[in-house]
Amino acid sequence: MYRNFRIVPNIIFGRGSFSQLDDVLAPRRVNAESFMVFVIDDVFTDSPLEMRVPLRGSDLLLRVNVDDEPKTSYIDALVAQIRAYLPQTPVGIIGIGGGSAMDIAKAVSLMLNNPGSSADYQGWDLIQNPAVYHVAVPTLAGTGAEISRTAILTGPVKKLGINSDYTLFDQILLDPDLLAEVPKDQWFYTGMDCYIHDVESLQGTFINEFSKAYGEKSLDLCRQVFLEDHPDRDDKLMMASYFGGMSIAYSQVGACHALSYGLSYVLGIHHGIGCCIAFDYLEDIYPAGVAEFRQMMKRHDISLPRGLTKNLDQAAMEKMVTTALGLVPLWQNCLGPDWEKIMTRERTMEIYRRM
Ligand code: NAD
Ligand code: ZN
């Protein structure tokens, strides 16, 4: 059976397009009671960007903290806060930030229309009711969260996304101007998430012409961004992120993402940097990709933390291995149906020990 997958129906791309947000939202404000919730990364508190958020009437500006990647308990608390704010449901949720803020916006918009805790919906197609209309405005580029059908959450027992067609944004607004102030390290880590999506998609066994078309273009854009000099590199990186997301939507990621999930679950390491850390130990699997990645690191003078697992006890190490190996489709994509014979617990443990 082929996947019949939904994509984001409305997209605005262009420098300065953030100014169009008010017009985009206007038709949703159907009566005087209608209000929007702007979910904005608190890194923008009192910033020029926050001043430009088109608040009207009783709209709520909800600053969110992403020092930790989004947790199900945090989503549940934000939903409770919105429900307590006004009796009616908001007519729109607008996520402004990187992958974390976008995932928070997705999860909140779903949970406003679905009962229980967000932890109940970590998995595939468990959501029953469509989400509140939701919009993404990325301020970092690379995760592909703007185009994906998942909102990745850390729950009480697992790190797993709410995967569903309802998770997809109704509208995305891609304004490369919003990348201007990103600190270099973060720009690199999140950008490498995209580069690694492309390598894992293109080199995976699930590859097909659809994913290849997007993945190759994304890879080409990443090379322009990270190995060449272009004044419009932020435009390029935004499109690379989108295309990389489209590529993995119809294929899958691989070993690096599986290992980064273990790092994140046990050590709380963020997605982008976690992928960079793991990728650097995967030259056996992705020789050309890792060589090029190191060239990119060198060009941008990036160094990665080492010795991360040095002080971990056996139980924590086992948990990390179990988390990584639990991501079966990622390994199947990477190594084929016999992946378990190739990526044994011992080999996985050995890779983690080197980190
Ligand atoms: P992020 O959203 O976690 O943000 C990283 C840091 O950058 C934060 O401190 C944030 O405050 C800051 N930041 C964001 N925009 C900024 C800007 N313009 N200027 C200065 N600082 C800024 O980073 P990310 O790499 O975009 O996203 C990682 C998250 O996305 C993880 O939670 C991961 O699980 C998730 N993710 C989701 C998907 C998906 O498909 N849904 C895919 C990959 C990753
Ligand atoms: Zn990723």
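Residues numbered from 1 in each chain as written. Chains lettered and ligands numbered in written order. Predicted model: local features only at pLDDT ≥ 70, side-chain atom pairs only at ≥ 80, totals over all residues. Heavy atoms only, no water.

A. Molecular detail of the packing of aromatic side chains. Within this structure, the stated rule accounts for 14 aromatic pairs. Look at Phe188 and Phe293: their rings are 6.5 Å apart centre to centre, the planes differ by 35°, and that puts the pair in the tilted class. Note that Phe188 is positioned in helix 5 (residues 184-202) and Phe293 in helix 10 (residues 287-299), a separation of 105 residues in sequence. Here Phe188 and Phe293 have matching classes, each one buried. With 5.4 Å between their ring centres and 80° between their planes, Phe279 and Phe293 make a pair best called edge-to-face. A residue pair is termed long-range when its members are at least 10 positions apart, and Phe279 in helix 9 (residues 271-279) and Phe293 in helix 10 qualify at 14 residues. (Phe/Tyr/Trp six-rings, centres within 6.5 Å; stacked < 30°, edge-to-face > 60°. Helix = DSSP H or I, 4+ residues; strand = E, 2+ residues; numbered from the N terminus. Buried < 20%, exposed > 50% of the residue type's maximum accessible area, 1.4 Å probe, protein only.)

B. Structural view of the coordination of the zinc ion (ligand 2). In this structure, Asp193 (OD), His197 (NE2), His257 (NE2) and His271 (NE2) serve as the protein donors to the zinc ion (ligand 2), at separations of 2.0 to 2.2 Å. Because the angles between the 4 donor atoms bound to the zinc ion (ligand 2) fall within 86 to 169°, the donor set is best described as irregular. (Donors = N, O, S within 2.8 Å, 3.2 Å for Na, K, Ca; no water. Tetrahedral: all angles 85-135°; square planar, octahedral: opposite > 155°, others 65-115°.)

C. Examining helix 5 more closely. For helix 5, built from 19 residues, the straight-helix expectation of 27 Å at 1.5 Å per residue is met to within 8% by its first-to-last C-alpha distance of 27 Å. Counting buried positions along helix 5 yields 15 of 19 residues, so the element is predominantly enclosed. (Expected span 1.5 Å × (residues − 1).)

D. Quick peek at the sheet that holds strand 4 (residues 92-97). Taken together, 6 strands build an open sheet; the order of strands is 1-9-6-4-2-3 and the sheet is parallel. Looking at strand neighbours, the two that pair on one side only are strand 1 (10-13) and strand 3 (60-64), the edges of this open sheet. Across the sheet, the mean angle separating the axes of adjacent strands is 15° when strand polarity is ignored. Inspection of the sheet shows strand 2 (residues 36-41) paired to strand 3 by 5 bridges, in the parallel sense. Each bridged residue has a counterpart across the sheet, and for Val37 the counterpart in strand 3 is Leu60. Set on the sheet, helix 3 (residues 72-85) makes contact with strand 2 and strand 3; between it and strand 3 the angle comes to about 160°. (Pairing = 2+ DSSP bridges. Axes fitted to C-alpha atoms, helices over the stretch in contact; angles between N-to-C directions. Contact = heavy atoms within 4.5 Å.)

E. How the structure looks around the environment of Cys194. Take Cys194: it is sitting in helix 5. Distance in space between the C-alpha atoms of Cys194 and Gly268 is 20 Å, their sequence separation being 74 residues. Dropping the residues within four chain positions of it, Cys194 is found in contact with Gly142, Ser218, Cys222, Ala240 and Ser241.

F. Focus on the domain arrangement of the protein chain. Its domain assignment divides the protein chain into domain 1 (10-179) and domain 2 (184-354). Just the C-alpha atoms count here: the centres of domain 1 and domain 2 sit 25 Å apart. With 27 residues of domain 1 in contact, the opposing surface of domain 2 contributes 23 residues. A buried area of about 2100 Å², summed over both sides, lies between domain 1 and domain 2, and 64% of it is on carbon and sulfur atoms. Contact with domain 2 buries surface across domain 1, with Ala141, Ile147 and Lys159 losing the most and accounting together for 25% of the total. Of the charged contacts in the structure, one is a salt bridge between Arg15 and Asp235, with a shortest N-O distance of 2.6 Å. The set of elements that each furnish at least two residues to the side of domain 1 that touches domain 2 consists of strand 1, strand 7 (150-154) and strand 9 (171-174). When grouped by side-chain class, the residues that make up the side of domain 1 that touches domain 2 number 14 nonpolar, 5 polar and 8 charged. (Domains from an automatic or database assignment. Buried area = accessible area lost by both parts, 1.4 Å probe. Salt bridge = Lys/Arg side-chain N within 4 Å of Asp/Glu carboxyl O. Nonpolar A, V, L, I, M, F, W, Y, C, P; charged D, E, K, R; others polar.)

G. Up close: the pattern of salt bridges. Applying the stated rule across the entire model yields 21 salt bridges. Its salt-bridge partner being Asp125, residue Arg149 comes within 2.8 Å of it at the nearest N-O pair. Placement of the pair is Arg149 in the loop between strand 6 (134-138) and strand 7 and Asp125 in the loop between strand 5 (123-124) and strand 6, with a sequence separation of 24 residues. Across the pair Arg345 and Glu318 runs a salt bridge, and its minimum N-O distance is 2.7 Å. Residue Arg345 is located in helix 14 (residues 345-354), and its partner Glu318 is located in helix 11 (residues 314-325); the two are separated by 27 residues in the primary sequence.

H. Geometry of the pairing of strand 8 (residues 159-163). Summarising burial for strand 8: 5 of the 5 residues are buried, a large majority. Sheet topology note: the strand 5/strand 8 ladder contains 2 bridges and is parallel. Opposite Gly123, over in strand 8, you have Ile162 as the bridge partner. Bridge count for strand 7 against strand 8 is 5 bridges, and the pairing is antiparallel. Directly across from Thr150, in strand 8, lies its bridge partner Asn163.

I. The arrangement of the packing of helix 3 against helix 4 (residues 99-111) in detail. It is the contact of helix 3 with helix 4, at a shortest axis distance of 9 Å, that shows an interaxial angle of 60°. Taken together, helix 3 and helix 4 sit at an angle that is classed as oblique. In this structure, the crossing between helix 3 and helix 4 has a hand that is right-handed. Only Ile104, Ala107, Val108 and Met111 of helix 4 make contact with helix 3, whose side of the interface consists of Tyr74, Ile75, Leu78, Val79, Ile82 and Arg83. (Parallel < 35°, antiparallel > 145°, perpendicular 65-115°, else oblique. Left-handed = near helix turned anticlockwise from the far one by under 90°.)

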